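Chain by chain, the residues run as shown.
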Amino acid sequence: MSDVDYCELCDLPKSTCIHGNPPAPPLPTTRAATPRATPVRRRTTSSASRSPAAPPRVVSHRWTPPDTFRVVILEVLAEHGGEMDQDDAFDALEAAMGERLKPADHEKTPEGELRWRYAARRARQALIAEGSMTKGRPGIWALA
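On a predicted model such as this, the values are computed, not experimentally measured, just so you know.

Calculation criteria
- Residues numbered from 1 in each chain as written.
- Predicted model: local features only at pLDDT ≥ 70, side-chain atom pairs only at ≥ 80, totals over all residues.
- Heavy atoms only, no water.
- Helix = DSSP H or I, 4+ residues; strand = E, 2+ residues; numbered from the N terminus.
- Buried < 20%, exposed > 50% of the residue type's maximum accessible area, 1.4 Å probe, protein only.
- Contact = heavy atoms within 4.5 Å.
- Areas by Shrake-Rupley, 256 points an atom, 1.4 Å probe, with all protein chains shown as cover.
- Salt bridge = Lys/Arg side-chain N within 4 Å of Asp/Glu carboxyl O.
- Expected span 1.5 Å × (residues − 1).
- Axes fitted to C-alpha atoms, helices over the stretch in contact; angles between N-to-C directions.
- Left-handed = near helix turned anticlockwise from the far one by under 90°.
- Nonpolar A, V, L, I, M, F, W, Y, C, P; charged D, E, K, R; others polar.

> Tell me about the overall build of the protein chain, and name the residues and values.
Within the protein chain, the secondary structure is distributed over 3 helices and 3 strands. In sequence order, the secondary structure elements of the protein chain are arranged as α-β-α-α-β-β. When each of the 144 residues of the protein chain is scored for burial, the buried share is 21%. The long-range fraction of contacts in the protein chain, counting pairs at least 24 apart against all pairs at least 6 apart in sequence, stands at 51%. Accessible area of the protein chain: about 11400 Å², with a carbon and sulfur share of 54%.

> Pulling in residues and values, what's your account of the environment of Arg122?
In this structure, Arg122 sits in helix H3 (residues 115-130). By relative accessible area, Arg122 is classed as partly exposed at 47%. When the C-alpha atoms of Arg122 and Pro66 are compared, they prove to be 6.1 Å apart, with 56 residues separating the residues in sequence.

> So what's going on with the pattern of salt bridges? Which residues, and what values?
In this structure the tally under the stated criterion is 5 salt bridges. With a closest N to O distance of 2.3 Å, Arg70 and Glu130 form a salt bridge. One end of the pair, Arg70, is in helix H1 (residues 66-79); the other, Glu130, is in helix H3, with 60 residues separating them in the sequence.

> So what's going on with H1? Residues and values would help.
Look at H1: 20 Å from first C-alpha to last across 14 residues, which is about the 20 Å you get at 1.5 Å a residue. Among the residues of H1, those classed as buried are Phe69, Val72, Ile73, Val76 and Leu77. Immediately beyond the C-terminal end of H1, within one or two residues, lies Gly81, with a positive phi of roughly 85°.

> Describe the packing of H1 against helix H2 (residues 86-97), naming the residues involved and giving the relevant values.
Running from amino to carboxyl end, H1 crosses H2 at an angle of 115°, the nearest separation of the two axes being 10 Å. Read as a crossing pair, H1 and H2 show a hand that is right-handed. When H1 is examined against H2, the residues Thr68, Phe69, Val72, Ile73 and Val76 are found in contact with a partner set consisting of Ala92, Leu93, Ala96 and Met97. Of the residues contributing to the contact of H1 with H2, the split by class is 8 nonpolar, 1 polar and no charged.

Here is the structure:
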């Protein structure tokens, strides 16, 4: 055998070395992979596209949502002259809500507060934001 038959890089016969037998070029594809020009949009169903006979979606909550407390807070404060101590307001709210409070409302949040009290505080913050109540003094709930 002559030295022409051997690879200068790996000293193997060119018929078996990687340098003498480069890998075959990739096969041409019929369709080139190109990115999409427009993003894919998912179809969503809006209330306008639903059939008119579809009933409204009823959401069942484990506990009473804060919006339920808004009217009751305003009523309780109005009955008591428009201003109450926070603890007295909570007691009056609990009495006013009565059986509307759900069993899960009496569970505690991860922070240790009763869920219905947390919801009532959030409702108070919403009433302050809309101008129906004032922040006033700490620990006092007051109508605007």
